[in-house]
Amino acid sequence: MEVDSVFFTDRSGRLTSNPLLDQLPSYQSLLYRRKSSAKRRSSSRARLSSSGSGKWAVNTVSRHEEKQKNQTEQRAIRELAKPMAEKRRDKTQRLREDGELSSWRQWTHSTHRYLRRLRDDAQEWLNSMQLWRGDIHLIEGMFGTGILSYFSFLRFLVMLNLIIFVLMFSFVLLPIIVAPHASGNITYNQNDGSECSVYPSSARRGLVIFHEHITDLLSGGGFLEQTYLFYGYYRVDKIHFRRITYNLPLAYLLVTIAYLFLSLIWIVKRSATGFKRNLVQDEDRFQSFCNKIFAGWDFCITNENAVRLKRSSLLYELKTDLEEERIKQKIADRTRKERCRIYLIRSILNLFVIGVLAGCFYSIYLATIFSQEAQMNNIKENFIVDLIYEYLPSIVITMANFITPLLFSVIINFEDYSPAFEIRFTLMRCVFMRLTSIGVLLFSLWSQITKCKEEPCACGYNHVLYSCWETRVGQEMYKLTIFDFIIIVAVTIFVEFPRKLIVKFCDCGLAKWWGQQEFAIPQNVLEIVYGQTICWIGTFYSPMLPAICTIKYFFIFYIKKVSLMNNCRPATRPFRASSSNFFFLGVLLIGLCLASVPVIVSVAQINCSQACGPFVNYSTSWEVLPAAVSQLPSEVQTLLHALSSEAFAVTFFVVTCLAMFYVIALAGAHKKVINQLREQLAMEGRDKHFLIQKLCQAQRLSPVRSPMSKSQPRSSSSSCSPSYHTSFSNNFNDSVFLAHPPPDSSTHV
């Protein structure tokens, strides 16, 4: 009978007490908790004997080994981190175990393995079919996972816009295109002859100069206004096929709701993983240090420059953590006078920031009003001036988005925040500036749309200036999208590329101080989030805008890739959230919430145009939904009215609250288990420390016993000692491990 490597058994095989294990901190803590629990419950349970230490340890080890064995049996052999000889041995053992099973169990196991192999092959095939898979792997190998996250985020937006376009095309455009070829009868919304239903054409007549076509292409007017691109072209009310009648206004509204909900669900699903990771990382500063030191290196890097940058970025992050700790200590040691001075400076600077934002917003408002009046009065100067009139709001918004981040980065240095908070606060100011500028533009447009010379408006909107106001809003979103793409291309060609040439071929001190353009991930992310917010708003007014954004982001990927490879270098001070997509998706979620507000207001509050679009027969776009419900069978109407009643809303709210309380309780239980596991890890560390101390004590005692050990044969000492772990058995005193003398050699065969 072999003796266990840690525990010692007597001749009967019963575990006996072990003084060394009784002294372990983990066992002493467990014993104390059990005694305290027994005292609180006033139970008559006897005190635990010292032999319980062996039983407790054996049970713990056996449960762990059993769990590990089950997990190993469930995994495929090729996925196990074992040498080939062990894998072959495991495969032989599994085949032998399968041969001992019944026919039904063998068929079940073989089917399970086949389905698992089929699932893995399908997953591998889907991964190989991913867009830009090779390019993204190349970027990851040269620049690491930080910059990789930006390009992965860009790929996500391409797929999102493609799916939104497929929805709009399938349920809005395709029925109109297919109807003439499928013997469908299209019913159009007819004009009733009133002044509200007059929609003058903006198409140019006669001899058209070439640059006017360019102006129409860039502004969305002229020949583009009466196309599938804008809302006003869809004057279809119903499409009558042989067996069904297709309600296009209802489909238009439901698809709008669908793409907003789809975007919300997809963003939340993708951001959940990053949120949990950030929640765990930000909870403990010591864990952050350990992650950076022991698991911070990016093993995907193959480029030497990227290696140096990664090393410097890790060094910068460690310095930043230490600086944050120093600033926290500095904040804690501030006097009341210093706190008052800092708060006063911050208040003054924040008032200045508010003034700058207000000035930018007012400039956008004035530019929008001036641009609309110039277009309505048909002011024509020349090609360049006319184009400036068309794009004046976009130019002002772009200038504001370019100047304010530079100003914010200077102001933040005087506010005495921690380095990490400085970056977050500056970015949130930039996000607010970029996204709110779109809201100011829409507010300026709607102030013109809903304002008439004689109040209230006869048609519910200013039909004199905006006979089809939805198309006008769609044109503004179209111009913002085109101008944003032009600015990105122009900056890459006329700013980043010449700067690279100057820094490379000019040896003057100014060029060296200026340096090569950094690939700033947060600023690039804000650019595409700004464009995506415009796309979400404009899709209702311009159904083809998602296709334009898909093409736009497709080209931006290659433009940014070429710029990264040739013109830019990675940032020496990387943003911490760049290694995960949580920050990107969080900002994108803010953009989605902002984009939903104008769409909901225009659908539910503002009167529809009487001269264009699918909702001519309704006061607002939302009225098509109650009208469609009223045509359903009475049973379905009763069900839908019950679902929309206050009683169902209250019940749903109560059930949601109960589910939320359950999730909160479950999260609390999980947190308690996590704390217990942390305590267990800490206790294991104390156990190791305790055993190392005992080992050191035994090593100090070993020179004293060396003359006696030399006089004895080596074989006899090995035969008389129990088979403990070899690194401990020769150096420990018998009294350390054993409560009684070891048995004779006849026990160990």
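Along the backbone of the chain there are 25 helices and 5 strands. Expressed as a percentage of its 749 residues, the buried residues of the chain come to 38%. The contacts of the chain with a sequence gap of at least 6 include a subset with a gap of at least 24, amounting to 76%. When the accessible surface of the chain is totalled, it reaches about 44200 Å², and 63% of it is carbon and sulfur.

Our next topic: the packing of aromatic side chains. On inspection of all chains with the given rule, the structure shows 26 aromatic pairs. The interplanar angle of 5 degrees and the centroid separation of 3.8 Å between the aromatic rings of tryptophan 132 and phenylalanine 557 together place this pair among those described as stacked. One end of the pair, tryptophan 132, is in the loop between α5 (103–128) and α6 (133–143); the other, phenylalanine 557, is in helix α18 (residues 545–566), and 425 residues separate them in sequence. A single burial state applies to tryptophan 132 and to phenylalanine 557, both of which are buried. Judged by centre distance (5.4 Å) and plane angle (65 degrees), the rings of phenylalanine 554 and tyrosine 558 are edge-to-face. Highlighted residues: phenylalanine 554 and tyrosine 558, both in helix α18, separated by 4 residues, approximately one helical turn. Over the face of the ring belonging to phenylalanine 408 we find arginine 429, whose NZ or CZ atom lies 5.9 Å from the ring centre. Above the plane of the ring of tyrosine 530 lies arginine 434, whose end atom (NZ or CZ) is 5.7 Å from the centre.

What follows is about the packing of helix α17 (residues 521–538) against helix α19 (residues 582–604). Packing of α17 against α19 leaves a shortest axis separation of 9 Å and a crossing angle of 25 degrees. Judged by the angle between their axes, α17 and α19 are roughly parallel. Once α17 is placed against α19, the crossing between them reads as right-handed. In this structure, α17 contributes Ile521, Pro522, Val525, Leu526, Val529, Gln532, Thr533, Trp536 and Ile537 to the contact, and α19 contributes Phe583, Phe584, Val587, Leu588, Gly591, Leu592, Ala595, Pro598 and Val599. Across the contact of α17 with α19, the residue classes break down as 15 nonpolar, 3 polar and no charged.

Here we come to the environment of isoleucine 548. Mapped onto the fold, isoleucine 548 is located in helix α18. Sequence separation between isoleucine 548 and cysteine 535 is 13 residues, and the spatial gap between their C-alpha atoms is 9.0 Å.

Quick look at the nonpolar core now. Formed by 109 residues in total, the largest nonpolar core has its most connected members in Tyr150, Phe153, Trp469, Trp536, Leu588 and Phe615. The biggest single contributor to this core is helix α7 (residues 145–178), with 15 residues. When sequence neighbours within four positions are dropped, the list of residues in contact with tyrosine 150 reads Phe519, Ile521, Asn524, Val525, Ile528, Ile556, Lys560 and Phe584.

Here the focus is the pairing of strand β2 (residues 236–240). Within β2, 4 of the 5 residues are buried, leaving the element largely enclosed by the surrounding structure. Bridging between strand β1 (residues 185–188) and β2 involves 4 bridges; their strand directions are antiparallel. Counterpart to asparagine 185 in the pairing with β2 is histidine 240. The pairing of β2 with strand β3 (residues 245–247) spans 3 bridges and is antiparallel. Counterpart to lysine 238 in the pairing with β3 is asparagine 247. Counted between consecutive antiparallel strands, the loop separating β2 from β3 contains 4 residues.

Take the state of the cysteines next. One pass over the structure, following the stated rule, counts 1 disulfide. Left without a disulfide partner, cysteine 535 is nearest to the cysteine sulfur of cysteine 549, which lies 3.3 Å away.

Enumeration over the complete set of coordinates arrives at 6 salt bridges. The salt bridge partner of lysine 238 is aspartate 237, with a shortest N-O separation of 3.8 Å. Across this residue pair, the class does not change: lysine 238 and aspartate 237 are buried. Residue arginine 429 is joined to glutamate 415 by a salt bridge in which the shortest nitrogen-to-oxygen separation is 3.2 Å. Separated by 14 residues along the polypeptide, arginine 429 in helix α14 (residues 419–449) and glutamate 415 in the loop between α13 (383–411) and α14 bring together distant segments of the chain. For arginine 429, a relative accessible area of 7% corresponds to the buried category. Residue classification places glutamate 415 among the buried positions, given a relative accessible area of 0%.

A contiguous nonpolar patch, built from Leu632, Val636, Leu639, Leu640, Leu643, Phe648 and Phe652 and spanning about 590 Å² of accessible area, is present on the exposed surface. Where the nonpolar patch is concerned, the elements lending two or more residues are α21 (634–643) and α22 (646–711). As for its position among the elements, leucine 640 is in helix α21.

This part covers the side chain of threonine 620. Locating threonine 620 in the fold gives a position in the loop between α19 and α20 (624–630). Leave out the neighbours within four places in its chain, and threonine 620 touches Val603, Ala604, Gln605, Ile606 and Cys608.

A few words now on the sheet that holds β3. The sheet built from 3 strands is open, its strands ordered β1-β2-β3 with antiparallel pairing. Each of the sheet's edge strands pairs with one partner strand only, and the pair in question is β1 and β3. On average, each strand axis in the sheet is inclined to that of its neighbour by 20 degrees, with strand direction left out of account.

A rise of 1.5 Å per residue sets the reference length of α17, with its 18 residues, at 26 Å; its end C-alpha atoms lie 26 Å apart and thus fit the reference within 8%. Most of α17 is tucked away: 16 of the 18 residues are buried.

Here the focus is the confidence of the model for the chain. Note: predicted coordinates in regions of low pLDDT should not be interpreted at a detailed level. Overall, the predicted model of the chain reaches an average pLDDT of 75, with 74% of residues at or above 70. By mean pLDDT, the top-scoring element of the chain is α18 (90), and the lowest-scoring one is helix α24 (residues 726–729) (38). Taken together, the stretch residues 1–8 has pLDDT below 50 and engages in 29 contacts with residues farther than four places along the chain or on a different chain. Segment residues 43–58: pLDDT under 50, and 26 contacts once partners within four positions in sequence are set aside and those in other chains are kept.

Attention now moves to the side chain of arginine 346. One can find arginine 346 in helix α12 (residues 336–376). Arginine 346 sits in the buried class, given a relative accessible area of 14%.

It is worth spelling out the packing of α17 against α18 at this point. Close contact between α17 and α18 brings their axes to 10 Å; oriented N to C, the two are set at 170 degrees. Between α17 and α18, the angle is such that the two are roughly antiparallel. Taken as a pair, α17 and α18 cross one another with a handedness that is right-handed. For the pair α17 and α18, contact is made by Asn524, Glu527, Ile528, Gly531, Gln532, Ile534, Cys535 and Gly538 and by Leu545, Pro546, Cys549, Lys552, Tyr553 and Lys560, respectively.

Tracing the sequence through the fold places isoleucine 493 in helix α15 (residues 469–505). Taking relative accessible area as the criterion, isoleucine 493 reaches 45% and is therefore assigned partly exposed. For the pair isoleucine 493 and serine 563, spaced 70 residues apart in sequence, the C-alpha to C-alpha distance is 8.9 Å.

Rules and cut-offs
- Residues numbered from 1 in each chain as written.
- Predicted model: local features only at pLDDT ≥ 70, side-chain atom pairs only at ≥ 80, totals over all residues.
- Heavy atoms only, no water.
- Helix = DSSP H or I, 4+ residues; strand = E, 2+ residues; numbered from the N terminus.
- Buried < 20%, exposed > 50% of the residue type's maximum accessible area, 1.4 Å probe, protein only.
- Contact = heavy atoms within 4.5 Å.
- Areas by Shrake-Rupley, 256 points an atom, 1.4 Å probe, with all protein chains shown as cover.
- Phe/Tyr/Trp six-rings, centres within 6.5 Å; stacked < 30°, edge-to-face > 60°.
- Lys NZ or Arg CZ within 6 Å of the ring centre and 35° of its normal.
- Axes fitted to C-alpha atoms, helices over the stretch in contact; angles between N-to-C directions.
- Parallel < 35°, antiparallel > 145°, perpendicular 65-115°, else oblique.
- Left-handed = near helix turned anticlockwise from the far one by under 90°.
- Nonpolar A, V, L, I, M, F, W, Y, C, P; charged D, E, K, R; others polar.
- Core = buried A, V, L, I, M, F, W, Y, C linked by side-chain atoms within 4.5 Å.
- Pairing = 2+ DSSP bridges.
- Disulfide = S-S within 2.5 Å.
- Salt bridge = Lys/Arg side-chain N within 4 Å of Asp/Glu carboxyl O.
- Patch = residues over 30% accessible without salt bridge, like charges linked within 9 Å, V, L, I, M, F, W, Y side chains within 5 Å.
- Expected span 1.5 Å × (residues − 1).
- pLDDT = per-residue confidence, 0-100.

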